[in-house]
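Summary of the model geometry
Read off the chains here:
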Amino acid sequence: MSDSPLPLYHKVYLLLKQRLLAGGFAVDTAMPGENALAAEYGVSRLTMRRSLDMLESEGLVKRRQGRGTFALSHAQLSAPQNSSDIDVLMAHLARMGMHTQVRLLELDTAPATPQVAARLELEVGTLVQRSVRVRSHQGQPFSHLTTFVPNDIGQHIRRKDLGSKPLLAIFQDLGLRVARAEQSISAVLAEPGVAELLEVPVGSALLSLHRVVRDESGRPVEWLHARYRPDRYEYRMNMQAHDMPGQPTWLPAAMPALASA
């Protein structure tokens, strides 16, 4: 765990809450037991129990006698943000692909969970392709990328391409024209698996980006959840002052620039 004035059980509680709200535990399957979770997060069983007690008191989980602990379904999706200039975004990703390396960790096809289905505007259970990649610069990892694509598109995406090209470039090769994207950026804590891959302590602060990419008809063709090391990746935005009723207002002047350090 990263250094913090918070008690250890509270840090674990925050990590588990973040995971729950992100749909990291299926609502119809028991979560791993206290011993398994304690081992995963590197804490004692007593610490894990206190963390789970806090989650239960907030109504995030429910303990069922003899069956285990279950996540409760109530996580809210964030509202879509303003559309991005997709041509500029593609140009940026193409440049990134030339100067960084990507490692494909997982690639599978599975039924869409409620959270994935909502993002891609599909029926729950519809098949989607899921890929997990880590992108590095000069041998140092800076981003962890989890991507979901409708399976009618995903079945045409080759494993070797995911290991060498940005997904939007693959879409272009397939003749799929993307038109706009909605994205939001916030901060999250590094969970054990992601922390190991990004080479940071568990509980470290990471930038979190969610992006839904749509084609010309407005159909979602990709949902990306990316987590970045803030010491190796930054989000830049050019701003321009505009005269508005009452007072000047800062608005984005162009597509934000994302840069690896």
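In this text the structure is predicted, and so the values were computed from the model without any measurement. (Residues numbered from 1 in each chain as written. Predicted model: local features only at pLDDT ≥ 70, side-chain atom pairs only at ≥ 80, totals over all residues. Heavy atoms only, no water.)

Attention now goes to the packing of aromatic side chains. Applying the stated criterion to the full structure yields 1 aromatic pair. Stacked on the ring of Tyr9, the Lys or Arg Arg50 has its end atom at 3.8 Å from the ring centre. A cation over an aromatic ring shows up here: Arg64 above the ring of Phe70, its NZ or CZ 4.3 Å from the ring centre. (Phe/Tyr/Trp six-rings, centres within 6.5 Å; stacked < 30°, edge-to-face > 60°. Lys NZ or Arg CZ within 6 Å of the ring centre and 35° of its normal.)

By way of backbone hydrogen bonds, the strands of a sheet pair with one another, either parallel or antiparallel. The 6 strands are arranged β3-β4-β5-β8-β7-β6 in an open sheet whose pairing can be described as antiparallel. Only two strands of the sheet have a single partner each, and these edge strands are β3 (101-111) and β6 (178-189). Adjacent strand axes in the sheet meet at a mean angle of 15° when their direction is disregarded. Here 10 bridges tie strand β4 (residues 127-137) to strand β5 (residues 140-150), and the two strands are oriented antiparallel to one another. (Pairing = 2+ DSSP bridges. Helix = DSSP H or I, 4+ residues; strand = E, 2+ residues; numbered from the N terminus. Axes fitted to C-alpha atoms, helices over the stretch in contact; angles between N-to-C directions.)

It is worth spelling out the packing of helix α1 (residues 8-21) against helix α3 (residues 45-57) at this point. Where α1 meets α3, the axes come as close as 8 Å, and the angle between the chain directions of the two elements is 50°. In terms of orientation, α1 lies oblique with respect to α3. The two elements α1 and α3 meet at a crossing, and its hand is right-handed. Where α1 abuts α3, its residues Leu8, Tyr9, His10, Val12, Tyr13, Leu16, Lys17 and Leu20 lie against Thr47, Met48, Arg50, Ser51, Leu52, Met54 and Leu55. By residue class, the composition of the contact of α1 with α3 is 10 nonpolar, 3 polar and 2 charged. (Parallel < 35°, antiparallel > 145°, perpendicular 65-115°, else oblique. Left-handed = near helix turned anticlockwise from the far one by under 90°. Contact = heavy atoms within 4.5 Å. Nonpolar A, V, L, I, M, F, W, Y, C, P; charged D, E, K, R; others polar.)

Of all the 11 residues making up strand β7 (residues 205-215), 9 are buried; the element is thus mostly covered by neighbouring parts of the structure. For β7 and strand β8 (residues 220-228), the ladder comprises 8 bridges, and the chain directions are antiparallel. Directly across from Arg211, in β8, lies its bridge partner Leu224. Hairpin connection between β7 and β8: a loop of 4 residues separates the two successive antiparallel strands, and Gly218 in this loop has a positive phi of roughly 95°. (Buried < 20%, exposed > 50% of the residue type's maximum accessible area, 1.4 Å probe, protein only.)

For α1, with 14 residues, the first-to-last C-alpha span of 20 Å sits near the 20 Å given by 1.5 Å per residue. Buried residues of α1: Lys11, Val12, Tyr13, Leu15, Leu16, Gln18, Arg19 and Leu20, and no others. Those residues of α1 that are buried lie in contact with α2 (34-41), α3, β1 (61-64), β2 (68-71) and β6. Once α1 finishes, Gly23 follows within two positions and takes phi at roughly 80°, a positive value. (Expected span 1.5 Å × (residues − 1).)

Looking now at α3. Here α3 contains 13 residues, and its C-alpha end-to-end distance of 18 Å stays within 8% of the 18 Å for a straight helix at 1.5 Å per residue. The complete set of buried residues in α3 reads Thr47, Met48, Ser51, Leu52 and Leu55. Buried residues in α3, looked at end-on, bunch into an arc of 135°, giving them a common side. Across from the buried face of α3, at angles greater than 90 degrees, the exposed residues are Leu46 and Ser57. The elements touched by buried residues of α3 are α1, α2 and β1. Positioned one or two residues after α3, Gly59 has a phi angle of 80°, which is positive. (Arc of directions from axis to C-beta.)

For Ala22, the location among the structural elements is in the loop between α1 and α2. The class for Ala22 is partly exposed, based on a relative accessible area of 37%. Linking Ala22 and Gln115, residues 93 residues apart in sequence, is a C-alpha distance of 8.0 Å.

Ranked by size, the top nonpolar core spans 25 residues in total, and within it Leu16, Leu20, Leu37, Met48 and Leu55 carry the most contacts. Of all the secondary structure elements, the ones that give two or more residues to this core are α1, α2, α3 and α9 (192-198). Per element, the largest residue contribution to this core is 5 residues, and it comes from α1. If near-sequence neighbours (up to four positions away) are discounted, Leu55 is found in contact with Tyr13, Leu16, Lys17, Leu20, Leu60 and Val61. One finds Leu104, Ile157, Leu167 and Val178 within the second-largest nonpolar core, a separate group that totals 13 residues. (Core = buried A, V, L, I, M, F, W, Y, C linked by side-chain atoms within 4.5 Å.)

A word on the confidence of the model for the chain. Here the chain averages 82 in pLDDT, while 79% of its residues score no lower than 70. When mean pLDDT is taken per element in the chain, helix α6 (residues 151-154) scores highest with 96 and strand β12 (residues 257-260) scores lowest with 44. Contacts of residues 75-86 to residues separated by more than four positions or lying in other chains number 25 contacts, the stretch itself having pLDDT below 50. Contacts of residues 255-261 to residues separated by more than four positions or lying in other chains number 27 contacts, the stretch itself having pLDDT below 50. (pLDDT = per-residue confidence, 0-100.)

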